[in-house]
Number of protein chains: 2
Amino acid sequence: MEERTFGSLMQELRKGKGLSQEELAFRCGLDRTYISLLERGLRVPTIATLFKVSAALTIRPEEFIARMRVQFGNWQKDGSRE
Amino acid sequence: MEERTFGSLMQELRKGKGLSQEELAFRCGLDRTYISLLERGLRVPTIATLFKVSAALTIRPEEFIARMRVQFGNWQKDGSRE
DNA sequence: ACAAAATTCAGACTATAGTCTGTGGAGCGG
DNA sequence: CCGCTCCACAGACTATAGTCTGAATTTTGT
């Protein structure tokens, strides 16, 4: 199955809006190179950063989280049906 | 208006399940004192921690985020209607 | 092929997430 | 009063989030 991380999702949304990493960084108030690190999955953001990036990409943060497919620890996004 | 932070929401859910901070910490694989810091708003968790805590409290992480009311930077939860 | 824009990468750095150990206080039941 | 549980708190520590500068590399448009 396809793994959609925070970074890959962010990249997808960014490109969908025709933004460069640098432009997104400016809108987030974050560093140019840090956006690059996030997209490549080399950093795990705090929820404060999640909110900033979500705002910059005009998506609700819960929407952002909901669209992720990841394993953090023993959490499985798919197969978790309540 | 009522401000519901990550910490206060976590505390509410924890107490709702009748768990001590220590029991929750164990279920999350986090430190006892760190749970205390989170509840008092003295730390901002990474999204990895969000997923761990959500799993321990049997709530979907996007649900958790959705139930927060916070100002991170210039983000306003309420009044953001798209 | 060329130049410019976009991104990656490296290193050194600062800020803060998260751990560990212990202390002291509040509340509660014997 | 005594022991017990839970929690706040402090301090010192380790790991990693996030910044900054600049150079190397890839991508893109013409």
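To be clear, the structure that these remarks concern was listed above.
This write-up is about the structure you can find in this document. What you are looking at is a predicted structure, and each value in this text was computed from that prediction instead of being measured.

## What to know about the protein's contact with DNA strand D
Link 1 in the chain: Around DNA strand D, 19 residues are found, and the nearest of them are Tyr34(A), Thr46(A), Thr49(A), Gln21(B) and Arg40(B).
Link 2 in the chain: Counting only atoms of DNA strand D within 4 Å of the protein, the fraction found in sugar and phosphate groups is 67%.
Link 3 in the chain: In this structure, Gln21(B) approaches DNA strand D through a main-chain N or O atom, which is 2.7 Å from a phosphate oxygen.
Link 4 in the chain: For the surface near DNA strand D, the secondary structure elements donating two or more residues are helix H3 (32-39) of chain A together with helix H3 (32-39) of chain B.
Link 5 in the chain: Its residues assigned to classes, the surface near DNA strand D shows four nonpolar, nine polar and six charged.

## Quick notes on the interface of chain A and chain B
Link 1 in the chain: Listed as interface residues are 21 residues of chain A and, on the opposing side, 21 residues of chain B.
Link 2 in the chain: For the pair chain A and chain B, the summed buried area comes to about 2100 Å², and 80% of that belongs to carbon and sulfur atoms.
Link 3 in the chain: The tally of links from chain A across to chain B stands at two residue pairs in polar contact (both at pLDDT 80 or more).
Link 4 in the chain: Looking at the side of chain A that touches chain B, the elements that each hand over two or more residues are helix H4 (47-56) and helix H5 (61-66) of chain A.
Link 5 in the chain: Per-element accounting of the side of chain A that touches chain B gives the leading share, five residues, to H4(A).

Calculation rules
Residues numbered from 1 in each chain as written. Chains lettered and ligands numbered in written order. Predicted model: local features only at pLDDT ≥ 70, side-chain atom pairs only at ≥ 80, totals over all residues. Heavy atoms only, no water. Near = heavy atom within 4 Å. Polar contact = N/O pair within 3.5 Å; in protein donor to acceptor, adjacent residues only side chain to side chain. Helix = DSSP H or I, 4+ residues; strand = E, 2+ residues; numbered from the N terminus. Nonpolar A, V, L, I, M, F, W, Y, C, P; charged D, E, K, R; others polar. Contact = heavy atoms within 4.5 Å. Buried area = accessible area lost by both parts, 1.4 Å probe.

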